[in-house]
Amino acid sequence: LLTVLALAGVVAAIAGGSANGGSQAANGRIAYVTDAACRFDPTLKNDDIFSMNPDGSGKADLTNSANPHGAPGWWADGKQLAFTRPGKANNDDIFVMSSNGKAQRNVTKTSPDDANPDWTPTGKITYDVGGTQVFQVNADGTGMAQLLPGGYEAAWSSTGKVAYAGTVEPSNSEIFVANANGSGA
């Protein structure tokens, strides 16, 4: 994670805009969010998802649209990315696209805002709903279900455990760990 965050700073310097750390896939590509496209086209005032090789070569704008995009996360095989962008009723939804930016599809189509997608080891996508609960959905948009009634920013280990943040007092958050089915939290 520190490597990815450090790379975000390098990307910002190389691309000429600001950048947020993303994730690296088995295919070696790094996905990140940047507003660098604005430098080349001032009519674009948004964040796009780019990918590049670890050495900074091969930069590609995967989303290239007027919508702001965020939180890219690679599926383990590097063939798909989950990410956020405005969808139904202009709320942020979870979308999935191929590694080249094609075949973008909305998999949540819900209100309120969905955020922070992450892939489970079995290929489902977990995400926050309204910053207060964690849901999961199949990559084709089927099987949507609540995983954790409280929590946000879920992240998966390769062993199938999920770590997530939860609010224990109005101003305190802690990290919790649960089993893949949400039990043991």
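Here is a short report on the structure shown in this document. Within every chain, residues take consecutive numbers counted from 1 along the sequence as written. Local features in this predicted model are restricted to residues of pLDDT 70 or higher, and side-chain atom pairs are both shown and tallied only at a pLDDT of 80 or more, whereas totals for entire chains, interfaces and linings draw on every residue. With hydrogens and water stripped out, all remaining heavy atoms of the structure feed into the side-chain values.

1. Here we look at the overall build of the protein chain
(1) Moving on: Along its length, the protein chain carries 2 helices and 15 strands.
(2) Moving on: Should any heavy atoms of two residues lie within 4.5 Å, those residues are counted as being in contact. Put simply, 26% of the contacts in the protein chain that link residues at least 6 apart link residues at least 24 apart.
(3) Moving on: Using the Shrake-Rupley algorithm and a 1.4 Å probe, accessible areas are obtained, with residue cover drawn only from the displayed protein chains. Entry remark: accessible area of the protein chain is about 9000 Å², with carbon and sulfur atoms responsible for 53%. Think of it this way: any DSSP run of H or I at least four residues long counts as a helix, any run of E at least two long counts as a strand, and we number them from the N terminus.

2. Re the side chain of Asp128
(1) Moving on: When you line up the elements, Asp128 lands in strand β10 (residues 125-129).
(2) Moving on: Each residue is placed in one exposure class: buried if its accessible area under a 1.4 Å probe, protein chains only, is under 20% of its type's maximum, exposed if it is over 50%, and partly exposed if it falls in between. Charged residues are defined here as Lys and Arg on the positive side and Asp and Glu on the negative side; His and the ends of the chain fall outside this count. Definition used for salt bridges: Asp or Glu carboxyl oxygen within 4 Å of a side-chain nitrogen of Lys or Arg. Of the side chains with opposite charge, Lys124 lies nearest to the buried Asp128, which makes no salt bridge, at 17 Å.
(3) Moving on: Here a polar contact is taken to be a pair of N or O atoms separated by no more than 3.5 Å, where protein atoms must pair a possible hydrogen donor with a possible acceptor and residues adjacent in sequence count only if both atoms sit in side chains. In this structure the side chain of Asp128 is engaged in a polar contact, spanning 2.7 Å, whose partner is the backbone nitrogen of Glu153.
(4) Moving on: If we skip the residues at most four places from it in the chain, Asp128 touches Asp113, Asp114, Ala115, Asn116, Gln133, Val134, Tyr152, Glu153 and Ala154.

3. Points about the pairing of strand β9 (residues 114-119)
(1) Moving on: Think of it this way: DSSP has to see at least two bridges between two strands before they count as a pair. Both β9 and β10 contribute to a ladder of 4 bridges, which runs antiparallel. Note that in β10 the partner of Trp119 across the bridge is Ile125.
(2) Moving on: Taken together, β9 and the strand that follows it, β10, pair antiparallel across an intervening segment of 5 residues, in which Gly123 is found at a positive phi of about 95°.

4. Describing the side chain of Gln136
(1) Moving on: Looking at where Gln136 falls in the secondary structure, it is placed in strand β11 (residues 133-137).
(2) Moving on: If sequence neighbours within four positions are ignored, Gln136 has contacts with Thr120, Lys124, Ile125, Thr126, Tyr127, Gly143, Met144, Ala145, Leu147 and Trp156.

5. Structural notes on the packing of aromatic side chains
(1) Moving on: Two rings from Phe, Tyr or Trp (for Trp, the six-membered ring) form a pair when their centres sit within 6.5 Å of each other. Planes less than 30 degrees apart are called stacked, planes more than 60 degrees apart edge-to-face, and all others tilted. Scanning the model with the defined rule gives 5 aromatic pairs in all.
(2) Moving on: For the pair Trp75 and Trp119, a centre-to-centre distance of 5.4 Å together with 45° between the ring planes defines the contact as tilted. On the criterion of sequence distance, the pair formed by Trp75 in the loop between β5 (70-74) and β6 (80-86) and Trp119 in strand β9 is long-range, its members being 44 residues apart. Note on accessibility: Trp75 and Trp119 belong to one class, buried.
(3) Moving on: Here the aromatic rings of Phe83 and Phe95 are separated by 5.8 Å at their centres, their planes lie at 25°, and the arrangement is stacked. In this pair, Phe83 is assigned in strand β6 and Phe95 in strand β7 (residues 92-98), connecting sequence segments 12 residues apart.
(4) Moving on: Overall, Phe83 belongs to the buried group, its relative accessible area being 0%.
(5) Moving on: Working rule: Lys NZ or Arg CZ, within 6 Å of ring centre, within 35 degrees of ring normal, means a charge sits over the ring. Above the ring of Phe95, the side-chain terminus of Arg85 is found at 4.0 Å from the ring centroid.

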